[in-house]
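Read off the chains here:
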Amino acid sequence: MPALSSRLRVALIVLLIIVGLLLSMYGAGRIAEQRAWAERSQEAAGQLDLYAQAIHTQVQRFRSVPALLALDSDIQALLNNPSDPALQEQLNHRLEEQNQAAGSSVLYLLDRHGETLAASNWRDWTSFVGNNYAFRPYFLDALANDSGRYFAVGVTTGIPGYFLSSSVKNSAGEVIGVLVVKLELEEMQREWVGQSGILLITDSLDIVILTNRPAWRFRYLRPLSDAVRDRLVAVRRYAEQNLQPLVSQRLQRITENSERRLVDGPDGSRDYLWQRLALPEEDWTLHLLQEPQLVAANVRSYRLAAAGVWMTLAFLLLYLAQRRKTRRVEQRSRNELERLVEERTRELNTAQDELVHAARMAALGQMSAALAHEINQPLTALRMQLASQRLLLDNGRIEAVREGLGQVEGLLERMAALTSHLKTFARKSPAGLRQRLNLADVLEQALQLLGPRIRSDGVDVALQIPANAWVSGDGIRLEQVLINLLTNALDAMQGRQARQLRIDCHRDRQSWTLSVADNGGGIASEHLDQVFEPFFTTKPVGQGLGLGLAVSYGIVRDLGGDLEVCNDALGAVFVLHLPAAEQPVDE
Ligand code: ADP
C-alpha cells in the first residue's frame, strides 16, 4: 500500500510539473505576444503619423488657393458677365497658369448655379467648361458655408480627386460663384507602392479611397445601407465604380486603435496587425496593415525562457523537499540507532553484572572446602568447651565457668563475622556503586576469607600496606579482584615447598599501586598476553573457568584503574593501579 501511494505521489508530482510547465509556457507566450503586438502597434502608429503628416502637408498647400483666387477682380468680372467670351478665354488662361504654378490637378470656376464658366483644363477633351456640378456637395457646402471639401471620382475624367471649394462673393457680400481646386492624390498613392505593409485611406463612409493595393480601392469596410448607396449614386461620388466589401474578422484587440484581423484578400485569408489613425480635418481614416512575422519568434523564446525558469524552480523545490525528507529519515534512523545502542548497553551491563557475580560465586565455590573446615574447627572447639564447662559446673567452679563462657562467645563471634562476610560477598552488587574504601581494609577482608587456605597451605605472607590508601569504588567488587589475584597466586604455588606471597602497596602520583607477587614460577611468556582473555585457563577442567582475570580486569577498568601482569625471578607479579581518592576529613 505505501509503495502504491508513493508511486501515486511521484505520478502526481510529474503531472504537476508538466501542468505547471504548460501553464507557464502558455502564460509567457501570451505575455510575449501581447508585448510584441503592443510594440508593433506602436511602431505602426508612428508610421501612420508620418503618413498623416505627409497628407496634411499636401492638402494644406492647396487649401488657400481657391480662397485667394476668389478675390481676383477678373473672376468677379466674369461672374458678373458670364457670356463674355473674351473674359472667359482670359480667365481660362489665368486658371491654367495658376494651376500649373500651384501643382494642382484642375482649377475651375462655377457660377452660382453650378455651371462651369472657366477651367484650367479648357484645352483638353476632358474640359470641365460648360459642365454643371450643382449636385456636388463641395459646391453646395461652399454656397452654404463659404468652403467645402470632398473626395470623389471625377465625373468627367473618371479620376478620383479631392475637391477643395471656396465661395466667391460680390461687394455686397452675396455669393456669386464657387472656385474649386481638384487634387489627384494618385502620385502620393504611387509613392506608397514601395512601402512595406498595406496603406489605406478611408473616407467618412469607411470606403477605401486611396491605397497602395489597387485591388482594394473602393472597397468598403463596413456595410452600406440602401439609402446611403442611393445617395452615393445621386452625388455620383464614386462615379461608375462598383463598390465591393473588404471582408475581415477581428481576432484580437490590442489597443483602441489596433487589432489583429483576418482579412479575406484576393490572395486568400491573412492575419494582419491593423492600425488606425483618424484624420479629423479631412474626416478620413488612415489604416496600416502589417503581416506579423517576428511575433512568433518572440513568443518562442519567451516560452523557452519560461520553461527553463519553471523547470529550474521545480527541480529546486524537489531537491529541497528531498533534502528535508532525507534529513528526517536520517534523524529518525539516528534516533533509532541511539535507542538500540542504549538498549544494548543496558543488556551488556546486565550481562556483565551477571558475569561478575557468576565469577564471584565460582571463587566462593573454590573456597568452600577450606571455609567449611574453618567453620568446623570452632564447632569442634565449642563442643569440647561445653563438655569442660559442664564438668566445672559439677565441681561448683563458677568463676572458671564464667571465663570459659567468654571464650565460647569469642568463638561464636568469629563464626558470625565469617558467615556474615560470606553472605555479603555472595550478594549481587549493582554496577556503578562508588564508596570511599581503604585498600588495607578490603585486603584484610579478602585475606580473612582465604585465611583457612593460607594457613592450611602453610603460605608465608609478607604484607606491606599503608593505612591511608584511600580509593573509591565498590568494596565487594574490589574484594573480588583481590581474592582472584590471591587465589591464582595460591594455585600457582601449589607444588612448591616454601610458599611466599608478597603484597605491597605504595602511592604513585595520583594513584595507588598494589602488587601481588608469588613464587609459583610465573606465567609462560606465550601466555602473558592471554591471561586477561575470557575463558583462558591452564587449570584442569572443574578447577578453572578462565573468567577470574577477565572479570577482574573489567572491574578495575570500570573504577578508572588498570591491571597489569609480569614475571619476576620467582613467579608472577600482578600490579593493580587505582586512582587515589581524597582523604577523609577526620584522618
Ligand atoms: P582461572 O583461575 O579460572 O584459570 P583466571 O582468569 O583467574 O582463570 O586465570 C587465567 C590463567 O592465568 C590461569 O589459568 C593461569 O594459567 C594464569 N595465571 C593467573 N595467575 C597466575 C599466577 N599467579 N601464576 C601463574 N599463572 C597464573
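Criteria and cut-off values
- Residues numbered from 1 in each chain as written.
- Predicted model: local features only at pLDDT ≥ 70, side-chain atom pairs only at ≥ 80, totals over all residues.
- Heavy atoms only, no water.
- Helix = DSSP H or I, 4+ residues; strand = E, 2+ residues; numbered from the N terminus.
- Buried < 20%, exposed > 50% of the residue type's maximum accessible area, 1.4 Å probe, protein only.
- Contact = heavy atoms within 4.5 Å.
- Areas by Shrake-Rupley, 256 points an atom, 1.4 Å probe, with all protein chains shown as cover.
- Lys, Arg positive; Asp, Glu negative; His and termini not counted.
- Charge placed at Lys NZ, Arg CZ, Asp CG, Glu CD.
- Core = buried A, V, L, I, M, F, W, Y, C linked by side-chain atoms within 4.5 Å.
- UniProt positions renumbered as here; feature names shortened; annotations may be inferred.
- Pairing = 2+ DSSP bridges.
- Axes fitted to C-alpha atoms, helices over the stretch in contact; angles between N-to-C directions.
- Parallel < 35°, antiparallel > 145°, perpendicular 65-115°, else oblique.
- Left-handed = near helix turned anticlockwise from the far one by under 90°.
- Nonpolar A, V, L, I, M, F, W, Y, C, P; charged D, E, K, R; others polar.
- Near = heavy atom within 4 Å.
- Polar contact = N/O pair within 3.5 Å; in protein donor to acceptor, adjacent residues only side chain to side chain.
- Salt bridge = Lys/Arg side-chain N within 4 Å of Asp/Glu carboxyl O.
- Phe/Tyr/Trp six-rings, centres within 6.5 Å; stacked < 30°, edge-to-face > 60°.

Describing the overall build of the protein chain
Part 1: The secondary structure content of the protein chain amounts to 11 helices and 20 strands.
Part 2: Taken over the C-alpha atoms alone, the protein chain extends approximately 205 × 50 × 50 Å along its principal axes.
Part 3: With 587 residues in all, the protein chain has 40% of them scored as buried.
Part 4: In the protein chain, the proportion of contacts linking residues at least 24 apart, taken out of those at least 6 apart, comes to 60%.
Part 5: When the accessible surface of the protein chain is split by element, carbon and sulfur atoms take 55% of a total near 32,700 Å².
Part 6: When the 62 basic and 68 acidic side-chain charges of the protein chain are each reduced to a single mean position, those positions are 5 Å apart.

Let's talk about the nonpolar core
Part 1: Counting residues in each nonpolar core, the largest one holds 52 residues, and the members touching the most others are Leu439 and Leu486.
Part 2: When residues in this core are grouped by element, the largest group, 9 residues, is from helix 10 (residues 475–492).
Part 3: With sequence-adjacent residues up to four places away left out, Leu486 is seen in contact with Leu443, Ala446, Leu447, Leu450, Leu501, Ile503 and Val516.
Part 4: With 48 residues, the next largest nonpolar core counts Leu95, Leu109, Leu243 and Leu286 among its residues.

Some points on the UniProt feature "transmembrane region" (unreviewed entry) in the protein chain
Part 1: Feature annotation in UniProt places "transmembrane region" (unreviewed entry) on residues 302–321, given in this structure's numbering.
Part 2: Secondary structure content for residues 302–321 is 100% helix and 0% strand, and the end C-alpha separation is 28 Å.

Remarks on the sheet that holds strand 1 (residues 106–111)
Part 1: Here we have 5 strands laid out as an open sheet, ordered 2-1-5-4-3, and antiparallel in their pairing. The strands lining the two open edges of the sheet, one partner per strand, are strand 2 (116–119) and strand 3 (147–153). Averaged over neighbouring strand pairs, the angle between their axes works out to 25° when direction is ignored.
Part 2: Where strand 4 (residues 160–169) meets strand 5 (residues 175–183), 8 bridges bridge the pair, whose relative direction is antiparallel. Counterpart to Leu164 in the pairing with strand 5 is Val181.
Part 3: Along the sheet, helix 4 (residues 137–145) contacts strand 1, strand 3, strand 4 and strand 5; its crossing angle with strand 3, the most-contacted strand, is approximately 175°.

Let's talk about the pairing of strand 1
Part 1: Most of strand 1 sits inside the fold, with 6 of its 6 residues counted as buried.
Part 2: In strand 1, alternate side chains face the same way, and those of Val106, Tyr108 and Leu110 on one face and Leu107, Leu109 and Asp111 on the other are all buried.
Part 3: Judged from the 6 bridges that link them, strand 1 and strand 5 form a sheet pairing that is antiparallel. Bridging from a neighbouring strand, Tyr108 pairs with Val180 of strand 5.
Part 4: In the sheet, strand 1 pairs with strand 2 via 3 bridges, with the strands oriented antiparallel.

Concerning the packing of helix 8 (residues 398–426) against helix 9 (residues 439–457)
Part 1: At their nearest, the axes of helix 8 and helix 9 sit 11 Å apart, and the two run at 110° to each other. By the criterion of interaxial angle, the relationship of helix 8 to helix 9 is roughly perpendicular. Crossing of helix 8 over helix 9 shows left-handed handedness. Contacts between helix 8 and helix 9 involve Leu418, His421, Leu422 and Phe425 from the first element and Gln445, Gln448 and Leu449 from the second.
Part 2: Across the contact of helix 8 with helix 9, the residue classes break down as 4 nonpolar, 3 polar and no charged.

Some points on the packing of helix 2 (residues 73–80) against helix 3 (residues 85–102)
Part 1: In contact at an axis separation of 10 Å, helix 2 and helix 3 are set at 145° when each is read in the N-to-C sense. Of the two possible hands of crossing, helix 2 and helix 3 adopt the one that is left-handed. Mapping the contact onto sequence places Asp74, Ile75, Ala77 and Leu78 in helix 2 and Leu87, Gln88, Gln90, Leu91 and Arg94 in helix 3.
Part 2: Taken together, the residues of the contact of helix 2 with helix 3 break down into 5 nonpolar, 2 polar and 2 charged.

Focus on the site of the ligand
Part 1: Looking at the ligand, there are 20 residues lining it, with Asn488, Thr537, Thr538, Lys539 and Leu549 nearest.
Part 2: Lys539 places a polar side-chain atom, nitrogen or oxygen, 2.5 Å from an oxygen atom of the ligand.
Part 3: A distance of 2.9 Å separates an oxygen atom of the ligand from a polar backbone atom of Gly546.
Part 4: Expressed as a share of its isolated accessible area of 530 Å², the protein-covered part of the ligand is 92%.
Part 5: For the shell around the ligand, the secondary structure elements donating two or more residues are helix 10, helix 11 (548–558) and strand 20 (572–579).

A few points about the UniProt feature "domain: Histidine kinase" (unreviewed entry) in the protein chain
Part 1: In this structure's numbering, the residues bearing the UniProt feature "domain: Histidine kinase" (unreviewed entry) are residues 370–582.
Part 2: Measuring from the first to the last C-alpha atom of residues 370–582 gives 37 Å, for a span that is 48% helix and 22% strand.

Notes on the pattern of salt bridges
Part 1: Inspection of the entire model under this criterion finds 28 salt bridges.
Part 2: Between Asp491 and Arg453 there is a salt bridge, with its nearest N and O atoms 2.9 Å apart. Separated by 38 residues along the polypeptide, Asp491 in helix 10 and Arg453 in helix 9 bring together distant segments of the chain.
Part 3: On the basis of relative accessibility, which here comes to 22%, the residue Asp491 falls in the partly exposed class.
Part 4: The buried category is assigned to Arg453, whose relative accessible area is 19%.
Part 5: Where salt bridges share partners, they join Glu336, Arg339, Glu343, Arg344 and Glu347 into one cluster.

With respect to helix 11
Part 1: Regarding helix 11, the residues found buried are Leu549, Ala550, Val551, Ser552, Gly554, Ile555 and Val556.
Part 2: After helix 11 finishes, the residue Gly560 shows a positive phi value of roughly 85°.

Notes on the packing of aromatic side chains
By convention here, two paired aromatic rings are described through the distance between centres and the angle between planes.
Part 1: With the rule as written, the count across this model stands at 9 aromatic pairs.
Part 2: Summarising the aromatic geometry, the rings of Tyr138 and Phe163 are spaced 4.9 Å apart at their centres and angled 10° between planes, so their arrangement reads as stacked. Within this pair, whereas Tyr138 is found in helix 4, its partner Phe163 is found in strand 4, the two being separated by 25 residues in sequence.
Part 3: A relative accessible area of 0% means that Tyr138 is categorised as buried.
Part 4: Here Phe163 falls in the buried class, since its relative accessible area comes to 2%.
Part 5: A centroid spacing of 4.6 Å and a plane angle of 55° characterise the contact between Tyr162 and Trp284, whose relative ring orientation is tilted.

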